[in-house]
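# Working through the structure, step by step
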Amino acid sequence: SERAALVFTDIQGSTATWEACPEGMKEGLQVHNQAIRDCIAGHNGHEVKTIGDSFMVAFESASDAVWFGLSVQERLVESVWPAELLELDSCTYQKEGPWCGLRVRIGVHCGEVSVQLNTLTGRYDYFGNTVNKAARMEGACVGGAVAVTPEVME
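Attention here is on the structure that accompanies the text. Since the structure is predicted, the reported quantities are computational estimates derived from the model, not experimental observations.

Here is what the cut-offs are and how they apply
- Starting afresh in each chain, residues are numbered from 1 along the sequence in its written order.
- Since the coordinates come from a predicted model, pLDDT governs what is reported: local features require at least 70, and pairs of side-chain atoms require 80 or more to be given and counted, while whole-chain, interface and lining totals use all residues.
- Hydrogen atoms and water are omitted, and side-chain values are computed over all heavy atoms in the structure.
- Strands are runs of DSSP state E lasting at least 2 residues, helices are runs of H or I lasting at least 4, and numbering of each runs from the N terminus.
- Accessibility here uses a 1.4 Å probe with only protein chains present; expressed as a share of the type maximum, an area under 20% marks a residue as buried, one over 50% as exposed, and anything in between as partly exposed.
- Among buried residues, those of type Ala, Val, Leu, Ile, Met, Phe, Trp, Tyr and Cys that are joined through side-chain atoms within 4.5 Å constitute a nonpolar core.
- Patches draw on residues past 30% relative accessible area with no salt bridge. Two like charges within 9 Å are joined, as are two nonpolar side chains (Val, Leu, Ile, Met, Phe, Trp, Tyr) within 5 Å.
- Surface accessibility in these figures is a Shrake-Rupley result with a 1.4 Å probe; residues are shielded only by whichever protein chains are displayed.
- Throughout this description, the term salt bridge denotes a Lys or Arg side-chain nitrogen within 4 Å of a carboxyl oxygen of Asp or Glu.
- None of His or the chain ends enter the tally, which takes Lys and Arg as positive and Asp and Glu as negative.
- Note that the charge is assigned to NZ on lysines, CZ on arginines, CG on aspartates and CD on glutamates.
- We treat two strands as partners when DSSP finds at least two bridges between them.
- Only Phe, Tyr and Trp rings take part, Trp by its six-membered ring, and two of them pair if their centres are within 6.5 Å. Stacked means planes under 30 degrees apart, edge-to-face means over 60, and tilted covers everything else.

### Focus: unusual backbone geometry
Phi is positive for Asn44, close to 60°, though the residue is something other than glycine. Note on placement: Asn44 falls in the loop between helix H2 (22-42) and strand S2 (46-51). Residue classification places Asn44 among the exposed residues on the basis of a relative accessible area of 57%.

### A closer look at the nonpolar core
Formed by 28 residues in total, the largest nonpolar core has its most connected members in Val7, Val57, Phe59, Phe68, Val72, Leu85 and Leu102. At the level of elements, strand S1 (2-11), H2, strand S3 (54-59), helix H3 (62-78) and strand S6 (104-118) are the ones that each hand at least two residues to this core. Element by element, the count of residues in this core is highest for H2, at six residues. Of all hydrophobic cores here, the second largest spans 10 residues; its members include Ala4, Met56, Val113 and Val131.

### Concerning a negative patch on the surface
Together, Glu23, Glu27, Glu84 and Glu87 make up a negatively charged patch on the protein surface. Of note, Glu84 is situated in the loop between H3 and strand S4 (93-94).

### Comments concerning the pairing of S6
Examined bridge by bridge, S1 and S6 share 10 bridges and lie antiparallel to one another. The partner of Ala4 across the bridge, within S6, is Gly111. Summarising the sheet, S6 and strand S8 (residues 146-148) pair through three bridges and their orientation is parallel. Paired with Val108 across the two strands is Val148, which belongs to S8. Alignment of S6 against strand S7 (residues 123-127), held across five bridges, turns out to be antiparallel. Counted as the bridge partner of Ser114 is Phe127 from S7. The antiparallel pairing of S6 with S7 creates a hairpin that spans four residues between the two strands, and Gly122 there sits at a positive phi of about 80°.

### Some thoughts on the pattern of salt bridges
Opposite charge on two side chains makes pairing possible when the charged atoms of those side chains draw close. In total, this model carries seven salt bridges according to the counting rule given. Residues Lys49 and Asp125 are paired through a salt bridge, measuring 2.9 Å at the closest nitrogen-oxygen approach. Linking Lys49 in strand S2 with Asp125 in strand S7, this pair joins segments that are 76 residues apart in sequence. Residue Lys49 is classed as partly exposed on the basis of its relative accessible area, which comes to 31%. In this structure, a network of salt bridges that share partners links the residues Asp10, Arg105 and Glu138.

### Structural notes on the packing of aromatic side chains
Scanning the entire structure with this criterion turns up one aromatic pair. Ring plane angle 45° and centroid distance 5.2 Å describe the contact between Phe59 and Phe68, whose orientation is recorded as tilted. You can call Phe68 buried: its relative accessible area is 0%.

### Some points on the pairing of S3
Of all six residues in S3, six are buried; the element is thus mostly enclosed. Judged by which residues are buried, S3 turns out to be covered on both faces: Ser54, Met56 and Ala58 on one side and Phe55, Val57 and Phe59 on the other are all buried. Both S1 and S3 contribute to a ladder of five bridges, which runs antiparallel. Across the sheet, the residue bridging to Thr9 is Phe55, located in S3. Bridging between S2 and S3 involves five bridges; their strand directions are antiparallel. Within S3, the position partnered with Ile51 by the bridge is Ser54. With antiparallel pairing between neighbouring strands as the criterion, S2 and S3 make up a hairpin whose turn holds two residues, including Gly52 at a positive phi of roughly 65°.

In structure tokens form, the structure reads like this:
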């Protein structure tokens, strides 16, 4: 058992966006993935896995995890998106304010984790309550936000 800060990301409304704009979403997903991976590298993170358009990322420190989340949101707003994606209301303006591109929810939690090597992929995976809490934080927020638990703030 060791301590880690875990982050989950997910594109808000991705199923509806895929249905409304499959080619734009295909290109947009590449923009999204590159932004996330660049920010992982820039903040000492480890890409644990992806599931669809969601990422699970591990960090040694909570501050790196939070800075990663904020950097992702900034990078996504500044990214160049396919024009057809920007024709969708979900990728431009929401009641929370103006937006540009895919909206990503990000949840962060830190605590004790069990780490195991996946011999099939050669990657480490994380298990335990910390994983569950980080995933719940992502699910509880809106696209464009970074939600953190009180433990992250300590």
